[in-house]
Each structure stands twice: as C-alpha cells, then as structure tokens.
Amino acid sequence: SKTNGQVVTNGESSKNGVAVNGAASSSSSATISMPKENHTVSSTGVNGVVNGDTAHNDDDQIDVPIQTENGGYSHTKASKAKISAANKGKTPWNKGKARSEEVRARISAGVRARNRKIFLEKLEKMGLTEEQYENQKKEERRKKDAERRARRTEKGGYRPTEETK
C-alpha cells in the first residue's frame, strides 16, 4: 500500500519512496513510486549526474533513485538487491553457446578500432605522428639491444646491470 508518497513493503514503512528493508519476497507485490523531489538540471547533468552515473550515496544519506541524462532513473541499492536475488540460480540464455566466426570477426574489428582510436589520442597528446612514434620506439629498442650486447660475456652469459647487482 502507498501513503503520502511513501511505499509500504511487507508491512514496513519507507522514507522518500524507497523501501527500508529492501527485501521483499517474490510472492508479495510491492508498489514502487518515485520520490517527489525537484531535480535541478545543470551543465553537468541532472543533480550533478553525468552520463547516467549515480551519485555516491553514503550510509547516512537516503538511497533514492536519481534521474539519468536519458530521462530514466538509476536503481537504488534495494532494487539492485531485489534484481540480484531474483536472478540467483538462473542460467544465462547464452551459457555454453559458441560464437560464430562472423560474430567473432565483428567483435575483433570493434576492439581493434577502439584500440586504434585510443592509440591515436595518445599520439595527439604526445604531439607525435605515427611515423615519429615508430622511429622513437625503434631508437629505444636499438639502445636496449646495444646495452644488452655490451653486457654479453665470452661464455654466452650476461654481466649484471647496476639495477640487478
């Protein structure tokens, strides 16, 4: 039952529309209502929320749903617990199913594209072109190889470096 914007679940009252105990049995039905609060919209999103991230709630704060950038609401800790309890023991629909070559190729292409984008952003921050970056890496490799060759002994071993002495 619902009274004055509050939800009563299994005979327990709540604050600001969020169940206090958060544990309702699967056989009972609960009415869930959103808290009646004025949400402020700013350049950082609704109530300071950006990209659907929820605010970090401390234990002393009330766990209320927060409006996301796309117009939905975040799950409360209580609702996450209910979802988790409802899914316990269920087998995922795709467990044991192998991915086809086509799907694996699409995933692989997406990962490569994302990694390339990250790499190009890194180069942009460093102020280098791909060619300059490759030359820099080759030079570093040459120096390491020269140091390793210099440490080589006649019997095929290596002299320890200053770091490993």
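Predicted model, so just to flag it, every value in this text is computed and none were measured. (Residues numbered from 1 in each chain as written. Predicted model: local features only at pLDDT ≥ 70, side-chain atom pairs only at ≥ 80, totals over all residues. Heavy atoms only, no water.)

### Re the overall build of the chain
Step number 1: Scanning the chain for helices and strands turns up three helices and six strands.
Step number 2: Starting at the N terminus, the α and β elements of the chain follow one another as β-β-β-β-β-β-α-α-α.
Step number 3: Scored against the burial criterion, the 165 residues of the chain give a buried share of 15%.
Step number 4: In the structure as shown, the chain presents an accessible area of about 13,500 Å², 49% of it carried by carbon and sulfur atoms. (Helix = DSSP H or I, 4+ residues; strand = E, 2+ residues; numbered from the N terminus. Buried < 20%, exposed > 50% of the residue type's maximum accessible area, 1.4 Å probe, protein only. Areas by Shrake-Rupley, 256 points an atom, 1.4 Å probe, with all protein chains shown as cover.)

### Re helix α2 (residues 101-126)
Step number 1: Spanning 26 residues, α2 covers 37 Å between terminal C-alpha atoms, matching the ideal 38 Å at 1.5 Å per step.
Step number 2: Count one or two residues on from α2 and you reach Gly127, which has phi positive near 75°. (Expected span 1.5 Å × (residues − 1).)

### Focus on the packing of aromatic side chains
Step number 1: Taken as a whole, this structure holds one aromatic pair when the rule is applied.
Step number 2: Where Phe119 meets Tyr133, the ring centres are 5.2 Å apart and the plane angle is 70°; that geometry is what we call edge-to-face. On the criterion of sequence distance, the pair formed by Phe119 in helix α2 and Tyr133 in helix α3 (residues 130-150) is long-range, its members being 14 residues apart. (Phe/Tyr/Trp six-rings, centres within 6.5 Å; stacked < 30°, edge-to-face > 60°.)

### Some remarks on the pattern of salt bridges
Here the idea is simple: oppositely charged side chains can pair when their charged atoms come close.
Step number 1: With the rule as written, the count across this model stands at six salt bridges.
Step number 2: Here Glu130 ties to Arg116 by a salt bridge, and the two come within 2.7 Å at their closest N and O atoms. Of this pair, Glu130 sits in helix α3 while Arg116 sits in helix α2, and the two are 14 residues apart along the sequence.
Step number 3: With a shortest N-O distance of 2.9 Å, Arg142 and Glu139 are connected by a salt bridge. Of the two residues, Arg142 and Glu139 both sit in helix α3, three residues apart, roughly one turn of that helix.
Step number 4: Three or more residues joined by partner-sharing salt bridges are found here, namely Arg141, Asp145 and Arg148. (Salt bridge = Lys/Arg side-chain N within 4 Å of Asp/Glu carboxyl O.)

### With respect to the confidence of the model for the chain
Step number 1: In this model, the chain carries an average pLDDT of 77, and 63% of its residues clear a pLDDT of 70 or more.
Step number 2: Note on residues 5-31: pLDDT is under 50 here. Beyond four places in sequence and across chains, it has 43 contacts.
Step number 3: Under a pLDDT of 50 for its full length, residues 37-50 has, in the predicted model, 18 contacts with residues more than four places off or in other chains. (pLDDT = per-residue confidence, 0-100. Contact = heavy atoms within 4.5 Å.)

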